Protein chains: 2
Amino acid sequence: MSLQRIALDVMGGDNAPDAILEGALMATSPIGTMKLPADRILLVGDEAVIDAFLRRQGAQGRFAIQHASEVIGMAESPSTALKAKKDSSIAVCVRAVQTSAAGAIVSMGNTGAVVGAATLGLGTLEGVKRPAIAVTLELTGSPVTILDMGANIAPKALHLVQYATMGSIYARDCLGVASPRVGLLNIGEEASKGTELLKEVHPMLAASRLNFVGNVESSGFFKGHSDVVVTDGFTGNVVLKLIEEFAGFILNLMLGELKAHSVQWAPEALGKIKKHIDYAEYGGALLLGVQGIVVKGHGRSDARAVANALVQAQRALDSDVNKNIVQGLAEA
Amino acid sequence: MSLQRIALDVMGGDNAPDAILEGALMATSPIGTMKLPADRILLVGDEAVIDAFLRRQGAQGRFAIQHASEVIGMAESPSTALKAKKDSSIAVCVRAVQTSAAGAIVSMGNTGAVVGAATLGLGTLEGVKRPAIAVTLELTGSPVTILDMGANIAPKALHLVQYATMGSIYARDCLGVASPRVGLLNIGEEASKGTELLKEVHPMLAASRLNFVGNVESSGFFKGHSDVVVTDGFTGNVVLKLIEEFAGFILNLMLGELKAHSVQWAPEALGKIKKHIDYAEYGGALLLGVQGIVVKGHGRSDARAVANALVQAQRALDSDVNKNIVQGLAEA
């Protein structure tokens, strides 16, 4: 069924197209562990490039292909590029969902262009005021989903309450958390803390049907007290970029010091640490609240991250998370 | 001269009073490297406790002491505690500056109580609209001073511009940065990015005499592109708590993995990494913009962090940073 299909933007990302196509092969490899059927993927991009790659890998004919003649670069202005390049791989992915040729989009491309094209092109789910970008981190051994990571930098109270509902349903349906604990990102745990916006949101969440655990501080990400953390898109974006860079910074510092002191490092240990701090383990950022599943992976994504993002999109499609969000908001 | 004296809150902090008093000894040790004269420290707290400690260490008579009969606990409500405990060590430190018995305060105690008592009790410097909490991190080998870390969670544009001036003068006078590069924390580098507040502040900073380098993202803390980063107190506080906890989290993860794989670790390497990510290396947070020098160290501070905070206060006193801030704001 084509609505269960994932339109994969082959041209977006720092390592496109090779890493993207390798990711599709990895996710659908018959000897791999991911077991995504190849007919669930629609490759979107330059047909000649895709064909040549698949032929080199002996995988011609394995995937459906939709040609897109243009590419939006990682550094292009999203609004300008979307207007000028009507046949970009991102725009064609969005059209695939609009025409029901696919139900989901996975892209490692220009964030602003993906979010902008998807928000405008797909429209919001019934009852959703504003979509939100959700990112799942596994810092402490259990996943924490934080939203909004930058879709809306000046949200109103109702938007934040809707984020809480959407994040909670996502954590339940796609991450298997039975009754997700929802925290509100703040600078202190007392209900009276924070900006006027947060003081307005706190009692609304407390009165909701959600499993609201109150305010959480940013230090709380490492304490495992909440499964979903709600914040405005400005703060969320600052947090996300800080976590991404800090993790890499400390790892490099550590590896450099170990080398300088000739310490023999255990590669499995590094792998385990990376797994904790690298959100690509969970796929990418999810644009929640639009009519369709949209996964935006990191521009730097390698094949494994692309494969994880495809599996994340599959899980979201199969769980009917969007239908449940519409229902959840109607009942809220 | 008593205005050059530092009132040290002996009773504040998780490890008080011992770690605080050990810090005073460390900073003034004749064989140490810090060389802070003992007559520059005024110990404020329970006189009997202080006397007993100094006697045990064979250091009786080395420091001036000011008795304070009460202590504000780390978890007490700041406003309630300040009203109820007029003779708390924090209140007595503030009175020491009010009466010119000291020019600076160093405390590891209750943050809200220290900031509240100092702001109300000392008043702002001429021309300063709102004080700001500045924290210096040395992530990349050169110090980055970030402010505000939580004094004012809903600042106006002019406040942020003043933070930039204060931070810039502090970096120049106390950290030896010749022409500090000032960045504005934002979610993108383009001038058009961010909240309405930031769009208002950007052209004001661009038109100022400061060495303004434009918007910086939170990932920029690790890139060494700016010496001073300006932000609102809400975002700053989220950033500070995240950095503090994340650093400790990754270090623990790393040490755990190394142990699990029986990797022999080089202690010097750990020390070097800690030095990069532990802001206690630079002392504590500085409350900039009040009439006096106020250093608020982390509650968890050990003796070394206390000693660093004392040296930081000494440097601020000796550099006349407050006089220069008043002058800088008048010329801005």
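To be clear, the structure that these remarks concern was listed above.
First, a word on what this report is: a plain description of the structure on this page. All of these numbers come straight from a predicted model, not from anything done at the bench.

Calculation criteria
Each chain carries its own residue numbering, running from 1 in the written order of its sequence. Chains carry letters from A onward and ligands carry numbers from 1 onward, assigned in written order. Predicted model: local features are reported for residues with pLDDT of at least 70 only, side-chain atom pairs are reported and counted for 80 or more only, and whole-chain, interface and lining totals are derived from all residues. To obtain the side-chain values, all non-hydrogen atoms of the structure were included, while hydrogens and water were left out. Here a strand is any run of E in DSSP of at least two residues, a helix any run of H or I of at least four, and the numbering for each starts at the N terminus. Based on C-alpha atoms, the radius of gyration is set beside the globule rule, defined as 2.2 Å times the residue count to the power 0.38. Using a 1.4 Å probe on the protein chains alone, a residue whose accessible area is under 20% of its type maximum counts as buried, one over 50% counts as exposed, and one in between counts as partly exposed. In what follows, residue pairs with any heavy atoms lying within 4.5 Å of each other are defined as contacts. Note on areas: Shrake-Rupley, 1.4 Å probe, and residue coverage restricted to the protein chains presented here. Here, strands pair whenever DSSP counts at least two bridges between them. Axis definition: a line fit to C-alpha positions, over the contact stretch in the case of helices; interaxial angles, taken between N-to-C directions, run 0 to 180 degrees. An angle counts as roughly parallel when it lies under 35 degrees, as roughly antiparallel when it exceeds 145, as roughly perpendicular when it falls between 65 and 115, and as oblique in every other case. Two helices cross in a left-handed way if the nearer one is turned anticlockwise from the farther one by less than a right angle. They cross in a right-handed way if the turn is clockwise. Ten residues, namely Ala, Val, Leu, Ile, Met, Phe, Trp, Tyr, Cys and Pro, are considered nonpolar, four, namely Asp, Glu, Lys and Arg, are considered charged, and the remaining ones, Gly among them, are considered polar. In the analysis that follows, any N or O atom pair within 3.5 Å is treated as a polar contact, provided that within protein one partner can donate a hydrogen and the other can accept it, and provided that, for residues neighboring in sequence, both atoms belong to side chains. The directions considered for the arc run from the helix axis to the C-beta atoms. Each copy is superposed on the other by least squares, with the fit set by C-alpha atoms of residues at a pLDDT of at least 70 in both. Whenever a carboxyl oxygen of Asp or Glu lies within 4 Å of a side-chain nitrogen of Lys or Arg, that contact is scored as a salt bridge. Only buried residues count toward a nonpolar core. Its members are Ala, Val, Leu, Ile, Met, Phe, Trp, Tyr and Cys residues joined through side-chain atoms within 4.5 Å. Throughout, the accessible surface (probe 1.4 Å) given up by two parts as they are put together, summed over both, is called the buried area. When the strands point away from the viewer, a crossover counts as right-handed if the route from the first strand across the helix to the second turns clockwise.

1. Remarks on the overall build of chain A
Consideration 1: The helix and strand inventory of chain A stands at 11 helices and 11 strands.
Consideration 2: Radius of gyration (C-alpha) of chain A: 20 Å, near the 20 Å computed for a compact globule of 332 residues.
Consideration 3: Dimensions along the principal axes, computed over C-alpha positions, put chain A at roughly 60 × 60 × 35 Å.
Consideration 4: Residues counted as buried form 58% of the 332 residues belonging to chain A.
Consideration 5: By sequence separation, contacts in chain A at least 24 residues apart represent 71% of the contacts at least 6 residues apart.
Consideration 6: Working note: accessible area of chain A is about 13,000 Å², and carbon and sulfur atoms make up 52% of it.

2. A few points about the sheet that holds strand β11 (residues 293–296) of chain B
Residues and elements named next belong to chain B.
Consideration 1: On the basis of which strands lie adjacent, the open sheet formed by 11 strands has the order β3-β2-β1-β4-β11-β10-β5-β6-β9-β7-β8 and mixed pairing. The two strands at the open ends of the sheet, each matched to only one other strand, are β3 (64–67) and β8 (211–216). Taking the axes of each pair of neighbouring strands and ignoring which way they run, one obtains an average angle of 25° across the sheet.
Consideration 2: Sheet analysis places strand β5 (residues 132–137) next to strand β6 (residues 144–147), joined by four bridges and oriented antiparallel. Of the residues in β6, the one forming a bridge with Val135 is Ile146.
Consideration 3: Contacts from helix α1 (residues 18–28) reach β1 (6–9) and β2 (41–45), with the element oriented near 175° to β2.

3. Considerations on the packing of helix α1 (residues 18–28) of chain A against helix α10 (residues 303–319) of chain A
Residues and elements named next belong to chain A.
Consideration 1: In contact at an axis separation of 7 Å, α1 and α10 are set at 55° when each is read in the N-to-C sense. One finds that α1 runs oblique with respect to α10. Seen from above, α1 lies across α10 with right-handed handedness. For the pair α1 and α10, the contacting residues are Ala19, Ile20, Glu22, Gly23, Ala24, Met26 and Ala27 in the first and Ala303, Arg304, Val306, Ala307 and Leu310 in the second.
Consideration 2: In terms of residue class, the contact of α1 with α10 is made up of nine nonpolar, one polar and two charged.

4. Topic: the side chain of B:Thr235
Consideration 1: By the element assignment, B:Thr235 lies in helix α8 (residues 233–260).
Consideration 2: Polar contacts involving the side chain of B:Thr235 include one to the side chain of B:Asp232, which spans 2.7 Å.

5. Here we look at helix α7 (residues 196–206) of chain A
Consideration 1: Considered for burial, the residues of α7(A) that qualify are A:Leu198, A:Val201, A:His202 and A:Leu205. Looking straight down α7(A), one finds its buried side chains confined to an arc of 110°; they lie on one side.

6. Structural notes on the sheet that holds strand β2 (residues 41–45) of chain A
Residue and element names in this part refer to chain A.
Consideration 1: The 11 strands are arranged β3-β2-β1-β4-β11-β10-β5-β6-β9-β7-β8 in an open sheet whose pairing can be described as mixed. The two strands at the open ends of the sheet, each matched to only one other strand, are β3 (64–67) and β8 (211–216). Taken pair by pair, the neighbouring strands of this sheet meet at an average axis angle of 25°, ignoring direction.

7. Here's the deal with the relation of the copies chain A and chain B
Consideration 1: At an RMSD of 0.0 Å, chain A and chain B line up after a rotation of 180° and a shift of 0.0 Å along the axis. Classification of the inter-copy transformation places it as that of a two-fold axis. Looking at the rotation axis and the C-alpha trace of chain A, the residue lying nearest is A:Thr235, at 3.1 Å.

8. Things to note about the pattern of salt bridges
Residues and elements named next belong to chain B.
Consideration 1: Inspection of the entire model under this criterion finds 18 salt bridges over all chains.
Consideration 2: Two residues, Asp320 and Lys323, come together in a salt bridge whose shortest N-O distance is 3.8 Å.
Consideration 3: Since its relative accessible area comes to 40%, Asp320 is described here as partly exposed.

9. Comments concerning the nonpolar core
Consideration 1: Within the largest apolar cluster, 228 residues are counted, with the highest numbers of intra-cluster contacts made by A:Leu43, A:Phe221, A:Leu310, B:Leu43, B:Phe221 and B:Leu310.
Consideration 2: If sequence neighbours within four positions are ignored, A:Phe221 has contacts with A:Leu139, A:Thr140, A:Val144, A:Ile146, A:Leu185, A:Val229, A:Val239, A:Ile243 and B:Leu242.

10. Some thoughts on the interface of chain A and chain B
Consideration 1: On the side of chain B, 43 residues touch chain A, which itself brings 43 residues to the contact.
Consideration 2: In this assembly, chain A packs against chain B so that about 4,200 Å² is buried in total across both faces, 83% of it on carbon and sulfur atoms.
Consideration 3: Taken together, chain A and chain B are joined by two salt bridges.
Consideration 4: Salt-bridge contacts for B:Glu217 lead to A:Lys241; the nearest nitrogen and oxygen are separated by 2.4 Å.
Consideration 5: Taken together, the links from chain A to chain B amount to eight residue pairs in polar contact (both at pLDDT 80 or more).
Consideration 6: Put simply, the parts of the chain that give the side of chain A that touches chain B at least two residues each are α8 (233–260) and α9 (267–277) of chain A.
Consideration 7: Here the side of chain A that touches chain B takes 17 residues from α8(A), the largest share from any one element.
Consideration 8: Considered class by class, the residues forming the side of chain A that touches chain B number 25 nonpolar, 11 polar and seven charged.

11. Comments concerning the pairing of β2(B)
All names here are of chain B.
Consideration 1: Among the five residues in β2, five count as buried, and that is most of the element.
Consideration 2: Bridge count between β1 and β2: four bridges; the pairing is parallel. Across the sheet, Leu8 pairs through a bridge with Leu43, a residue of β2.
Consideration 3: Assessed by its sense of winding, the connection that carries the chain from β1 through α1 to β2 is right-handed.
Consideration 4: One ladder, built from four bridges, connects β2 with β3; its direction is parallel. The residue of β3 that forms the bridge with Leu42 is Ala64.
Consideration 5: In this fold, the crossover linking β2 to β3 by way of helix α2 (residues 47–56) has right-handed handedness.

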